[in-house]
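Listed below, chain by chain, are the residues.
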Amino acid sequence: MSHRTEIDVRPVTEAEFPDWNRALNTGFLMPPAVAAEQVADRRRQFVPGRTLGAFEGDRCVATFRSFDQELTVVGGGTVRADAISNVTVTATHRRRGLLTRMMAQDLAAAKERGDVVATLIAAEYPIYGRYGFGPATTMTEWAVDVPRAGLDRRWAAPEDGGRIDLVDGEDVRGLGPGLHEWLRRSQPGAVSRTELWWQARTGLVNMNGTPWTEPYYVMYRSADGEVEGLASYRTDDRWGDAKQPLNTATVDWLIGVTPAAERALWHYLCSIDWVQTVKSGWRSPDDLLPHLLPDPRAARITTQADWLWVRILDVAAALEARTYDGQGAVVLEVVDRGGLTGGRWRLEAGPDGASCVPTAESAHLALDVGDLAALWLGDASAVRLAALGRVREERAGAARVVDALLRTSRRPWCPDMF
């Protein structure tokens, strides 16, 4: 306890921001010296009161930042989210409760603002469950063995009358935001992107301090002239001993708002001369990619892991915000050790809408608020969580009722790291 009284957790001032960046780099194992230009670029993310630091004297030893975000829910609606990022604790100050203090301060402020959820991308799995977060989406990466894929390497244009064009960063900044909005309005788990996001992905600002190398940008336009797809990718320069090309194209991000756009962009990437491997970047676990190939086994999974974590701050608002294909009612006993939104709730839902209200009725299913978050966007199964001992049926068959209400035909996906 003596350690805690010596360390002050507080919002960072403008004057303290450079030292906060030194601590941030240290926590993420980057060079601790931060160039003035990098600090200036990162300052564009600075929000007074929402950039927190833990200070021992004048030295920052832990970092935490949050910002406003919109999260798309099942059915295309959105909720206000408190997006959390830049969480570090310097190795010399671990196990002193610093993250707990910063998290409690931020979540309390988010609840007061009326945010429905908090979100983050977890670098380590075991950390955030104790704060009420649960893994709500999954990410998959594939490596496509192009020669094995079975595609026609002589392919030069989409068969649907559309076209593929290389574009530049200015085009991306003009076309990308609208295209992403189109995607995220139909993709549960997707989050809003700021103008700064597009500037950082096209070299106008540099948050990580590494030299900028312009990627390739490619656009798909449908036969009627509508821009329906956009991607950013990079290539290496690797050749075998027999003067054989062994190059890899690595996708930074790819937006396809129609199946035709996805098909055309992936086929283009697999038809580039000298490219033998295409790395997909972060995709949905039920992405179309493998089965757009004549031989789906050519797409080998290289990474599959939890991605977006959600902390529900308002159970009623979260459950009423999404849509439901089925009809039913269930009483949930939600345990929230953080004291923000626990209690017993009756959910009545159907295609015409949902109502979620506090109730004194006997519970049908008891679960932690983090497990409710895992179920909320439709990815997890209550039946599976019951088998794992993470949720408890108070009425036989309750887990199946919850699955019938909450699970979705396509899996939620968050395309972004933040």
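In what follows, the structure referred to is the one given above.
The following paragraphs examine the structure supplied in this document.

Conventions adopted
- Residues numbered from 1 in each chain as written.
- Predicted model: local features only at pLDDT ≥ 70, side-chain atom pairs only at ≥ 80, totals over all residues.
- Heavy atoms only, no water.
- 1 Å grid on protein atoms, 1.4 Å probe; cavity = no way out; pocket = protein on both sides within 12 Å on 5 of 7 lines; lining within 4 Å.
- Points joined across faces, edges and corners; volume = space filled by probe spheres on them.
- Helix = DSSP H or I, 4+ residues; strand = E, 2+ residues; numbered from the N terminus.
- Nonpolar A, V, L, I, M, F, W, Y, C, P; charged D, E, K, R; others polar.
- Polar contact = N/O pair within 3.5 Å; in protein donor to acceptor, adjacent residues only side chain to side chain.
- Contact = heavy atoms within 4.5 Å.
- Salt bridge = Lys/Arg side-chain N within 4 Å of Asp/Glu carboxyl O.
- Pairing = 2+ DSSP bridges.
- Axes fitted to C-alpha atoms, helices over the stretch in contact; angles between N-to-C directions.

### Quick look at the layout of surface pockets
Next up, step 1: Approximately 570 Å³ is the volume attributed to the second largest pocket.
Next up, step 2: Around the second largest pocket, the lining is made up of 32 residues, and of these S186, Q187, P188, R410 and R411 lie nearest the centre.
Next up, step 3: Looking at the lining of the second largest pocket, the element that brings in the most residues is strand β11 (residues 247-256), giving three residues.
Next up, step 4: In terms of residue class, the lining of the second largest pocket is made up of 13 nonpolar, ten polar and nine charged.

### Considering empty space enclosed by the protein
Next up, step 1: Throughout the structure, instances matching the rule amount to one cavity of 30 Å³ or more.
Next up, step 2: At four residues, the largest contribution of residues to the lining of the largest cavity is made by β11.
Next up, step 3: By residue class, the composition of the lining of the largest cavity is seven nonpolar, two polar and three charged.

### Things to note about the side chain of S271
Next up, step 1: One can find S271 in the loop between α7 (259-269) and β12 (275-279).
Next up, step 2: Among the polar contacts made by the side chain of S271, one reaches the main-chain carbonyl oxygen of Y268 at a distance of 2.9 Å.
Next up, step 3: In this view, S271 contacts R153 and W155; residues no more than four positions away in its chain are not counted.

### Section: the pattern of salt bridges
Next up, step 1: One pass over the structure, following the stated rule, counts 29 salt bridges.
Next up, step 2: Measuring nitrogen to oxygen at the nearest pair gives 3.3 Å for the salt bridge that ties D295 to R148. Within this pair, whereas D295 is found in the loop between β12 and β13 (299-306), its partner R148 is found in the loop between β7 (138-145) and β8 (163-167), the two being separated by 147 residues in sequence.
Next up, step 3: Three or more residues are tied together by salt bridges with common partners; here these are R50, D68, R80, D82, R113 and D115.

### Focus: the sheet that holds strand β3 (residues 59-72)
Next up, step 1: Pairing is mixed across the open sheet formed by seven strands, whose spatial order is β1-β2-β3-β4-β5-β14-β6. Of all the strands in the sheet, the pair left with one neighbour each is β1 (8-11) and β6 (134-135).
Next up, step 2: Where strand β4 (residues 78-89) and strand β5 (residues 117-121) come together, three bridges link them in parallel fashion. Within the sheet, the bridge partner assigned to A81 lies in β5 and is V117.
Next up, step 3: In the packing of helix α2 (residues 17-27) onto the sheet, contacts are made with β2 (51-56), β3 and β4, and the angle to β3 comes to roughly 85°.
Next up, step 4: Running over the sheet, helix α4 (residues 98-113) touches β1, β2, β3, β4, β5 and β14 (308-312) and is turned about 160° from β4.

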